Amino acid sequence: MSRCDFKIVLLGSEHVGKTSLVLRFVNCRFNAEIPYQNTVGAAFCAKAMRSKEKDYSIGIWDTAGSERYEAMTRIYYRGAHAAIICYEPSSHESWTRLRHWLHELRTVEDSCKVYLCGTKKDLLDGGFVKREVAEEIVNTYSQDLNGHFLTSSKTGENVDELFQKIVDDLAADVEVMKTVTESRLLLTELDKRKSKKDVCAC
Amino acid sequence: MASTSNDNVPQHMNAPENASDELEPGACHDSILNPTDSFEEFASEMSSSLRETCLTTKSSTISEIQSEILETAEDPKLKAAKSSDDLQTKDGSMSASASNSNLIEENGDDTDDDKDYLQSPELVNKEKHVFILSTAGKPIYSRYGNEDKLAGLCGVIQALVSVIEEQNQDILRFINTKDCKAVFLVKGPLILVAVSKSNESETQLVLQLTYAFNQIVSLLTLTQLNRIFEQRRNYDLRRLLAGAERLIDHLLVFMEKDPAFLLGAVRCLPLPEKARENITNAITTTCHKIRDLVFAIMIAGNQLITLVRMKKYTLHPSDIHLLFNLIRSSESFKTAESWTPICLPKFDATGFLHGHVSYISEDCQACLLLLTVQRDAFTTLSQAKHTIAEKMRRANCLVAINNALNRNEELSTTKPLKHIGIPEIRHFMYKCKSTAQLFSSDPISLDRLQDYRLRHKEGGDIVDKKITKLSDIDYVRNYRKFCNQIHCVATPAKLIFRSSSQDTILSWVTNGFELYVTFDPLMEKDHAIKAVDRLLRWIKKEEERIFIMNAPTF
């Protein structure tokens with residue numbers, strides 16, 4: 001059972017910058033010195049957030065983009081409340097993979113909210129890379145989804161906004177909040193029982 | 001000036017052994033590791049016949065554990081859910097990779113550029129090349145250069161192997177030239193080749209290739225690897241190995257430098273007995289109720305701190321080496337808790353264990369691995385980890401680990417040669433056979449490996465430089481020949497004493513241990529024997545610190 005209220009999973013092909021996005025959001029930093037290294041399996045981070053004066057803890061699963069882990073990724077998005085699918089506007093290939101994830105999520109986790117996230121905005125703005133994925137296509141796709149953000153983990157642009165929107169959306173969702181309240185209750189119940197047991201054992 | 005004695009070990013050499021029924025330093029009755037010989041691997045490799053190169057796997061240890069747990073599970077619903085879950089994902093993984101394989105474009109056109117490329121500075125004058133290709137001749141990995149441009153070379157390798165296989169019904173093992181050895185290993189759907197100008201023997205090279213193969217199995221499982229190539233012989237495995245070249249790169253460097261591979265043993269982080277006990281207790285008291293947990297392993301700087309296991313199961317040193325390599329080569333474990341499938345080829349090559357991997361805390365670079373057969377156990381294990389870290393902090397274990405890692409001068413194990421007080425000994429390494437653990441006078445420090453790797457990235461070239469002061473890496477390099485003679489299958493040596501103008505090296509193997517010592521040159525035999533005697537007594541005295549002397553279970 002998870003101790004986090006909301007489970008958010010990051011998907012997307014390798015090298016689009018999922019880990020950098022999480023590190024920017026959770027630790028507020030971006031290290032340009034560290035060379036790229038692929039994520040092994042999946043990494044988990046938790047962070048406390050506020051929405052409408054209420055506190056929530058969110059758990060973020062940063063999955064590996066490598067194809068090797070594709071079959072495994074299902075473990076990570078099972079039961080996720082929200083998914084961020086990342087792509088690089090300058091890589092058509094990453095966009096093709098995004099459609100794969102979208103399809104996968106729709107069939108396996110249809111209640112999961114889906115957000116698109118274009119990464120490395122700074123490179124695009126600075127003219128270091130050329131856009132390969134047309135904005136119109138992205139807009140058409142994101143219409144049916146819960147949101148689209150173009151972010152830069154280097155400058156931090158739009159990163160907090162993305163996660164804030166997700167938490168706001170989830171907190172406003174009656175169905176989601178019902179399960180959150182239930183599991184919170186269950187956890188406190190369990191904790192109580194556990195601490196009682198511990199006392200007895202001594 | 002080498003003298004080798006096969007049978008008649010001088011009487012007095014046995015002195016430290018026959019002191020009553022005392023065990024040799026480091027030995028204990030229960031071992032967490034399978035006692036092994038790295039050379040056994042080679043022997044079994046060499047005895048394989050042509051037909052057996054198609055790898056078949058025996059029963060799966062992982063499913064054995066799963067069914068055992070399920071038998072005792074009270075909830076029958078859970079039982080059904082679990083087993084079907086496994087089937088689904090196994091099939092799922094295959095259909096995913098199979099469908100992808102259809103998308104691959106063929107790129108096998110060799111041109112004349114290939115030949116020029118073989119002469120490029122990226123490839124010439126390297127001490128050791130390693131190539132991995134599929135039996136269909138598709139390049140998978142090259143230690144140097146770009147394997148894409150090596151399609152021609154891979155074609156030649158594949159042709160060599162298959163001609164000998166088909167026309168002579170034989171296996172191509174080595175090609176030796178004046179200054180170079182080429183060693184071939186065909187394993188299942190893969191061909192692995194090492195081309196080396198180093199002083200490593202064919203045996204040692206085969207062992208390294210086996211490790212490289214196991215590294216790939218560890219990422220994919222043998223089942224998946226075999227199935228991929230059964231379905232599509234021409235599959236480009238690099239798709240599935242994306243990002244994993246790094247692991248093979250690091251492993252190759254690690255194997256050349258660390259005696260752990262030469263000896264088939266694991267190095268432990270020297271710790272006060274009490275500290276290690278506290279760490280082990282923190283793990284056992286926290287985890288004894290987590291039923292699917294198979295191993296809890298704590299490591300720091302390529303050294304083992306403790307290993308707690310499920311009853312009946314032990315680990316092979318080679319599996320631990322792969323875990324060391326994974327941890328050391330992956331930055332992503334440092335920033336967050338990770339949950340990843342890991343296959344341990346010696347433990348069970350057919351399936352994945354699921355690993356919770358995390359560092360104990362920001363101020364202590366010890367890494368904890370919790371390996372389970374249950375894929376949904378992340379939250380449970382994450383909580384367990386935090387409890388363990390908390391208990392360790394309260395028992396002051398983090399300080400003890402940091403002292404050992406920072407090589408605090410006050411510890412006798414930091415500079416053992418100073419403590420032993422035999423000035424003629426320049427370097428030694430000792431392996432306790434029954435527990436597969438090793439200790440050496442100067443553990444190869446991680447920083448130095450890092451350094452080496454940086455230099456290696458640029459080079460790996462053969463250089464003729466005058467070595468003025470030997471590093472620990474150079475000592476280990478010198479022991480290779482001796483190690484090989486001691487493990488020679490036809491005429492194994494028990495004791496070798498060789499003096500040269502540079503140094504005197506003694507290597508000695510008994511039923512219980514292997515010992516390699518480098519002395520000053522002109523060291524006389526009986527003087528050396530006395531020194532070894534004192535050395536062994538020191539190791540015995542310190543054994544509780546430098547070795548793990550028990551085999552805790554959950």
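Residues numbered from 1 in each chain as written. Chains lettered and ligands numbered in written order. Predicted model: local features only at pLDDT ≥ 70, side-chain atom pairs only at ≥ 80, totals over all residues.

**A word on the overall build of chain A**
Okay, so step 1: Helix and strand counts for chain A come out as seven helices and six strands.
Okay, so step 2: In chain A, the succession of α and β elements from N to C terminus is β-α-β-β-α-β-α-β-α-α-β-α-α.
Okay, so step 3: At 18 Å, chain A has a C-alpha radius of gyration in line with the 17 Å of a compact globule built from 202 residues.
Okay, so step 4: In terms of overall dimensions, chain A has a C-alpha envelope of 65 × 40 × 35 Å along the principal axes.
Okay, so step 5: Looking at chain A as a whole, 38% of its 202 residues qualify as buried.
Okay, so step 6: If you take every contact in chain A between residues at least 6 apart in sequence, the share linking residues at least 24 apart comes to 74%. (Helix = DSSP H or I, 4+ residues; strand = E, 2+ residues; numbered from the N terminus. Rg over C-alpha atoms; globule rule 2.2 N^0.38 Å. Buried ≥ 20, exposed ≤ 12 C-beta atoms within 10 Å, placed from the backbone. Contact = placed C-beta atoms within 7 Å.)

**Topic: the UniProt feature "domain: FUZ/MON1/HPS1 second Longin" (unreviewed entry) in chain B**
Okay, so step 1: UniProt's entry tags residues 292-389 of chain B with the feature "domain: FUZ/MON1/HPS1 second Longin" (unreviewed entry), counted in the numbering of this structure.
Okay, so step 2: Within the segment residues 292-389 of chain B, helix and strand shares are 34% and 40% respectively, and the terminal C-alpha atoms sit 20 Å apart. (UniProt positions renumbered as here; feature names shortened; annotations may be inferred.)

**What to know about the interface of chain B and chain A**
Many analyses report the size of an interface as the accessible area lost when the parts associate.
Okay, so step 1: Each partner contributes to the interface: chain B provides 23 residues, whereas chain A provides 24 residues.
Okay, so step 2: At the level of secondary structure, the elements contributing two or more residues to the side of chain B that touches chain A comprise helix H3 (76-101), helix H6 (202-220), helix H8 (238-241), helix H13 (332-335) and strand E10 (337-342) of chain B.
Okay, so step 3: Per-class residue counts for the side of chain B that touches chain A are eight nonpolar, 11 polar and four charged.
Okay, so step 4: Bridging between strand E2 (residues 42-51) of chain A and E10(B) involves three bridges; their strand directions are antiparallel. What sits directly across from A:Ala42, in E10(B), is B:Trp339. (Nonpolar A, V, L, I, M, F, W, Y, C, P; charged D, E, K, R; others polar. Pairing = 2+ DSSP bridges.)

**A few points about the sheet that holds strand E5 (residues 113-118) of chain A**
Okay, so step 1: The strand order across the open sheet formed by 11 strands is E6(A)-E5(A)-E4(A)-E1(A)-E3(A)-E2(A)-E10(B)-E11(B)-E12(B)-E8(B)-E9(B), and the pairing between neighbours is mixed. Here the strands that pair on one side only, and so sit at the sheet edges, are strand E6 (147-150) of chain A together with strand E9 (303-309) of chain B. Pairs of neighbouring strands in the sheet enclose a mean axial angle of 25°, with direction left out of account.
Okay, so step 2: Two elements, strand E11 (residues 353-361) of chain B and strand E12 (residues 364-372) of chain B, share seven bridges in a ladder whose sense is antiparallel. Among the inter-strand pairings, B:Tyr359 is bridged to a residue of E12(B), identified as B:Cys367. (Axes fitted to C-alpha atoms, helices over the stretch in contact; angles between N-to-C directions.)

**Considerations on helix H16 (residues 397-405) of chain B**
Residues and elements named next belong to chain B.
Okay, so step 1: Here H16 has its buried residues at Cys 397, Leu 398, Ala 400, Ile 401 and Ala 404. For H16, the buried positions fall inside an angular range of 160° around the axis, keeping them on one side.
Okay, so step 2: Of the surrounding secondary structure, the elements contacted by the buried residues of H16 are helix H11 (273-287), strand E8 (293-300), E9, E11, E12 and helix H15 (378-394).
Okay, so step 3: Of the residues flanking the end of H16, it is Arg 407, one or two places downstream, whose phi is positive at about 55°. (Arc of directions from axis to C-beta.)

**Here's the deal with the UniProt feature "domain: FUZ/MON1/HPS1 first Longin" (unreviewed entry) in chain B**
Okay, so step 1: According to UniProt, the positions carrying the feature "domain: FUZ/MON1/HPS1 first Longin" (unreviewed entry) are residues 128-251 of chain B.
Okay, so step 2: Between the end C-alpha atoms of residues 128-251 of chain B the distance is 13 Å, and the span holds 47% helix and 23% strand.

**Notes on the sheet that holds strand E3 (residues 139-142) of chain B**
Residues and elements named next belong to chain B.
Okay, so step 1: If you trace the five strands from one edge of the open sheet to the other, you get E3-E2-E6-E5-E4, paired in antiparallel fashion. The strands lining the two open edges of the sheet, one partner per strand, are E3 and strand E4 (174-176). For this sheet the average axis-to-axis angle between neighbouring strands, irrespective of direction, equals 15°.
Okay, so step 2: Sheet topology note: the strand E2 (residues 128-134)/strand E6 (residues 190-196) ladder contains seven bridges and is antiparallel. The partner of Ser 134 across the bridge, within E6, is Leu 190.
Okay, so step 3: Strands E2, E3, strand E5 (181-187) and E6 of the sheet are contacted by helix H5 (residues 151-168), whose axis makes an angle of about 75° with E2.

**Some words on the packing of H6(B) against helix H7 (residues 222-231) of chain B**
All names here are of chain B.
Okay, so step 1: Between H6 and H7, whose axes approach to 7 Å, the crossing angle comes to 90°. One way to sum up the angle between H6 and H7 is to call them roughly perpendicular. Counting all contacts with H6, which are made through Ile 216, Val 217 and Leu 220, the residues of H7 involved are Leu 222, Gln 224 and Leu 225. (Parallel < 35°, antiparallel > 145°, perpendicular 65-115°, else oblique.)

**Observations concerning the environment of B:Ile320**
Residues and elements named next belong to chain B.
Okay, so step 1: Mapped onto the elements of the fold, Ile 320 is located in helix H12 (residues 317-329).
Okay, so step 2: Along the sequence, Ile 320 and Leu 344 sit 24 residues apart, while their C-alpha atoms lie 8.4 Å from each other.
Okay, so step 3: Other than its neighbours up to four places away in sequence, Ile 320 contacts Val 266, Leu 304 and Leu 315.

**A short note on the confidence of the model for chain B**
Residues and elements named next belong to chain B.
Okay, so step 1: Residues with a pLDDT of 70 or more make up 79% of chain B, whose mean pLDDT is 82.
Okay, so step 2: This model gives residues 1-21 a pLDDT under 50, and the stretch forms 25 contacts once residues within four places in sequence are excluded.
Okay, so step 3: Across residues 76-110, confidence stays below pLDDT 50; counting only partners more than four residues off in sequence or on other chains, it has 25 contacts.
Okay, so step 4: Among the scores for the predicted complex, ipTM is 0.89 and pTM is 0.87. (pLDDT = per-residue confidence, 0-100.)

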